[in-house]
Amino acid sequence: NMDKYNLPDPMAVFSIDYFDENPAPFFDIGRKLMRLDPKPTKAHYFLKLLHDKRLLLRNYTQNVDGLERQAGLPESMIVEAHGSLTHSTCRSCGAKYDLDAMKKKVLTPDENVPTCDKDDCVGVIKPDIVFFGESLPDRFFQSLKEDFPRCDLLIIMGTSLAVAPFCMLPDQVPPACPRLLINRECVGTSAPDPMMSLLMGGSACSLDFTSPHAYRDVWLEGDCDDGVEKLCQLLGWSSHLKKLVHASK
């Protein structure tokens, strides 16, 4: 219930300009999210399994929860397009805070907005996630230029493929690269924005599962966890996946 903040519009809570003016609404939401304490799923451990088998080139994610790290995937293998809640930065002095320190501040009852305690600084501490009005991390653009031309299988999981420029990534792999969608809904079949695709160096082609010309795209319908289990069964990796999942408990 955000009525008490009299927001100009509901999405203002994720606008960097509004955050700098009034960060309290964001931390009202953030406080609730930090209490949830989500855990990695089989799909996250599947990524770790691919890495262990030296088959993962990189994991690109829109998620900010850091669950890939919790599953054991090294930070070097993750590109977080929208940033991460696992670290935060003071808006005034640039001091860095890890997740535990940020949680302690955010969940302190008498601290409505977490502020910096470095060298008498009282700047607001902001999680390193990308707000509206901020650019995506440089690493996102640099890594996709290096990784996607080398990709020989693109696995797309749990996404609406609706937010640019992330939704343009399937178009960045070579023309002969197979693309596997593991998702409840069939997404990515509408033509991307030609101008955005041009800026990213792609050819504005969509995923094609049904046309007579379809030759490389496959949709595995269902939950991500069910999908990776099926893959592991076919590959003879089921015991390896179970071992990773149980080792975390």
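In this text, all values refer to a predicted model and were calculated from it rather than measured experimentally. (Residues numbered from 1 in each chain as written. Predicted model: local features only at pLDDT ≥ 70, side-chain atom pairs only at ≥ 80, totals over all residues. Heavy atoms only, no water.)

Caption draft 1: Fine view of the side chain of Glu-68. Its location among the elements puts Glu-68 in helix H4 (residues 67-70). Salt bridges are absent for the buried Glu-68, whose nearest opposite-charge side chain, Arg-69, sits at 6.2 Å. Beyond its immediate stretch of four places on either side in the chain, Glu-68 contacts His-44, Leu-47, Asn-59, Thr-61, Asn-63, Leu-73 and Ile-78. (Helix = DSSP H or I, 4+ residues; strand = E, 2+ residues; numbered from the N terminus. Buried < 20%, exposed > 50% of the residue type's maximum accessible area, 1.4 Å probe, protein only. Lys, Arg positive; Asp, Glu negative; His and termini not counted. Salt bridge = Lys/Arg side-chain N within 4 Å of Asp/Glu carboxyl O. Contact = heavy atoms within 4.5 Å.)

Caption draft 2: Region of the structure containing the environment of Ala-81. Relative to the assigned elements, Ala-81 resides in the loop between strand S2 (78-80) and strand S3 (83-90). Along the sequence, Ala-81 and Val-130 sit 49 residues apart, while their C-alpha atoms lie 8.1 Å from each other. Dropping the residues within four chain positions of it, Ala-81 is found in contact with Thr-61, Val-130, Leu-136, Pro-137, Phe-140 and Phe-166.

Caption draft 3: Inspection of the side chain of Asn-183 at higher detail. Within the secondary structure, Asn-183 sits in strand S7 (residues 179-183). Residue Asn-183 is classed as buried on the basis of its relative accessible area of 3%. Reaching out from Asn-183, the side chain makes a polar contact with the backbone nitrogen of Gly-158 at a distance of 3.0 Å. (Polar contact = N/O pair within 3.5 Å; in protein donor to acceptor, adjacent residues only side chain to side chain.)

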